[in-house]
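Letter by letter, the chains look like this.
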Amino acid sequence: MKLIFQAFTVALAVSAAGNSQTASEFDAVAIKAAAPRTGHFPSPASSRGGPGTTDPTLFRCTNCNLSFLISRAFGLQRYQFPGQLALPDTAFDISARVADGATPEEFTAMLRNLLKDRFSLAYHYEKKQVQGFELVVAKNGPMLKDAGAPGAHQDGAGGDWHSGARELTRPGLMVFGGQGKYRGEGQTTTDLARMLSDQLARPVDDHTGLQGKYDISLSWSDDGSHAATHPAGGADWGGHGDHGGAPQGGTGLTSDNPSGPTLVGAVRAQLGLQLEPMKATANVFIVDKINSVATPN
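What you are looking at is a predicted structure, and each value in this text was computed from that prediction instead of being measured.

Rules used in this analysis
- Residues numbered from 1 in each chain as written.
- Predicted model: local features only at pLDDT ≥ 70, side-chain atom pairs only at ≥ 80, totals over all residues.
- Heavy atoms only, no water.
- Helix = DSSP H or I, 4+ residues; strand = E, 2+ residues; numbered from the N terminus.
- Buried < 20%, exposed > 50% of the residue type's maximum accessible area, 1.4 Å probe, protein only.
- Contact = heavy atoms within 4.5 Å.
- Areas by Shrake-Rupley, 256 points an atom, 1.4 Å probe, with all protein chains shown as cover.
- Core = buried A, V, L, I, M, F, W, Y, C linked by side-chain atoms within 4.5 Å.
- Pairing = 2+ DSSP bridges.
- Axes fitted to C-alpha atoms, helices over the stretch in contact; angles between N-to-C directions.
- Left-handed = near helix turned anticlockwise from the far one by under 90°.
- Nonpolar A, V, L, I, M, F, W, Y, C, P; charged D, E, K, R; others polar.
- Expected span 1.5 Å × (residues − 1).
- Salt bridge = Lys/Arg side-chain N within 4 Å of Asp/Glu carboxyl O.
- Disulfide = S-S within 2.5 Å.

**Student:** Could you give an account of the overall build of the chain, naming the residues involved and the relevant values?
**Tutor:** Within the chain, the regular secondary structure consists of 4 helices and 15 strands. For the chain, the proportion of its 297 residues judged to be buried stands at 48%. Residue pairs at least 24 apart in sequence account for 79% of intrachain contacts in the chain once pairs closer than 6 positions are excluded. Summed over all atoms, the accessible surface of the chain reaches about 13,700 Å², with 51% contributed by carbon and sulfur.

Have a look at this one:
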């Protein structure tokens, strides 16, 4: 059996204002070099605002390098973007005005056009054979808590995690000091599969057949072997419309850390789900050309 994982594609939508033209450009954009990141825990790449958030007409991206911007604009997961380390690591602060009423699809088109117009991005896709996984229900059945169920966020696998200056006290993901922890509220198993794919740097397809929404808590030991392959950003990643830094972590397959299970083992032991290896064909994103400096505002 072969799985086909297609890269996220965007169909341009017609503006809700009744205009026959599709909104594909930001109303105004300011791009400047970000301040140098210093200290043991430099600020990660983060973005906020835009359609579907609490600030739909103002998009802001802080400490964002080209890998982060491309991943966001094209909806890429780690396994789809293996060449990101070859890109310049220059970080930018971006502020962009979004037309009132713009759709998420139009917003994505704006990001793509910004990369093409201001950084001269040219790209193509290539199909490649990769190792992937099917996320299925384990033999003894799922152990997922329905969203909002009592006890879903008690201390334990999903409790608040404190580690020196970093802590996980809200929904999101953190990998730090060889330990990983994930909390998701109102998540589907498809949402979970995407998080697992980002951590494993391999395709993960949801074959659980589960249709509910769940409060998911997961903790594991991490070997850190793939940490360098992530786009710019730290170890903390939150979803829910506003995007923090890309998640950091290792393969999740093996660990020399005796304090907890691997990611694959944690999924089985803590969630009652199983990651079954499968061969897959992935659409891999290839950058043909990109400038490390934006054209002037």
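What follows picks up the thread again.
**Student:** Break down the nonpolar core for me, citing the residues and quoting the values.
**Tutor:** Formed by 31 residues in total, the largest nonpolar core has its most connected members in Phe26, Ile70, Phe74, Leu115 and Phe119. Where this core is concerned, the elements lending two or more residues are strand S4 (58-64), helix H1 (66-74), strand S5 (92-97) and helix H2 (104-119). Of all hydrophobic cores here, the second largest spans 23 residues; its members include Leu144, Ala193, Leu263 and Leu275.

**Student:** Go over the pairing of S4, please, and point to the residues and values.
**Tutor:** In terms of burial, S4 is largely enclosed, as 5 of its 7 residues are buried. Summarising the sheet, strand S3 (residues 46-48) and S4 pair through 3 bridges and their orientation is antiparallel. Bridging from a neighbouring strand, serine 46 pairs with threonine 62 of S4. The pairing of S4 with S5 spans 5 bridges and is classified as antiparallel. Pairing of leucine 58 across the sheet is with arginine 97, part of S5.

**Student:** Can you lay out the packing of H1 against H2 for me, pointing to particular residues and giving the numbers?
**Tutor:** In contact at an axis separation of 8 Å, H1 and H2 are set at 140° when each is read in the N-to-C sense. Here H1 runs over H2; the crossing is left-handed. Contacts between H1 and H2 pair Leu66, Leu69, Ile70, Arg72, Ala73 and Phe74 from the former with Phe107, Thr108, Leu111, Arg112, Leu115 and Phe119 from the latter. Residues that form the contact of H1 with H2 fall into these classes: 9 nonpolar, 1 polar and 2 charged.

**Student:** Kindly report on unusual backbone geometry, identifying the contributing residues and their values.
**Tutor:** Positive phi is not limited to glycine here, since asparagine 63 has a value of about 55°. Relative to the helices and strands, asparagine 63 resides in strand S4. The residue serine 120 is not glycine, and still its phi comes out positive at about 55°.

**Student:** Give me H2: which residues, what numbers.
**Tutor:** Between its first and last C-alpha, H2 extends 22 Å over 16 residues, near the 22 Å set by a 1.5 Å rise per residue. In terms of burial, H2 is a largely internal element, 12 of the 16 residues being buried. Residues of H2 that are buried: Glu106, Phe107, Thr108, Ala109, Met110, Leu111, Arg112, Asn113, Leu114, Leu115, Arg118 and Phe119. Contact partners of the buried residues in H2: strand S2 (28-33), S4, H1 and S5. Positive backbone phi, approximately 55°, marks serine 120, located one or two places after H2.

**Student:** Explain the side chain of threonine 262 to me, and be specific about the residues and the numbers.
**Tutor:** Secondary-structure assignment places threonine 262 in the loop between strand S14 (236-237) and helix H4 (263-271). Residue classification places threonine 262 among the buried residues on the basis of a relative accessible area of 19%.

**Student:** Explain the pattern of salt bridges to me, using residue names and the numbers behind them.
**Tutor:** On inspection of all chains with the given rule, the structure shows 2 salt bridges. Ionic pairing is found between arginine 60 and aspartate 55, a salt bridge with its closest N-O pair at 3.4 Å. By relative accessible area, which is 25% here, aspartate 55 ends up partly exposed. One salt bridge in this structure joins glutamate 185 and arginine 183, with 3.9 Å as the shortest N-O distance.

**Student:** Which residues make up the state of the cysteines, and what are the values?
**Tutor:** Under the defined criterion, the tally for this structure stands at 1 disulfide. With a sulfur-sulfur separation of 1.8 Å, cysteine 61 is cross-linked through a disulfide to cysteine 64. Across the disulfide from cysteine 61 to cysteine 64, rotation about the S-S bond amounts to roughly -95°, and the bridge is consequently left-handed. Cysteine 64 shares its class with cysteine 61; the two are buried.

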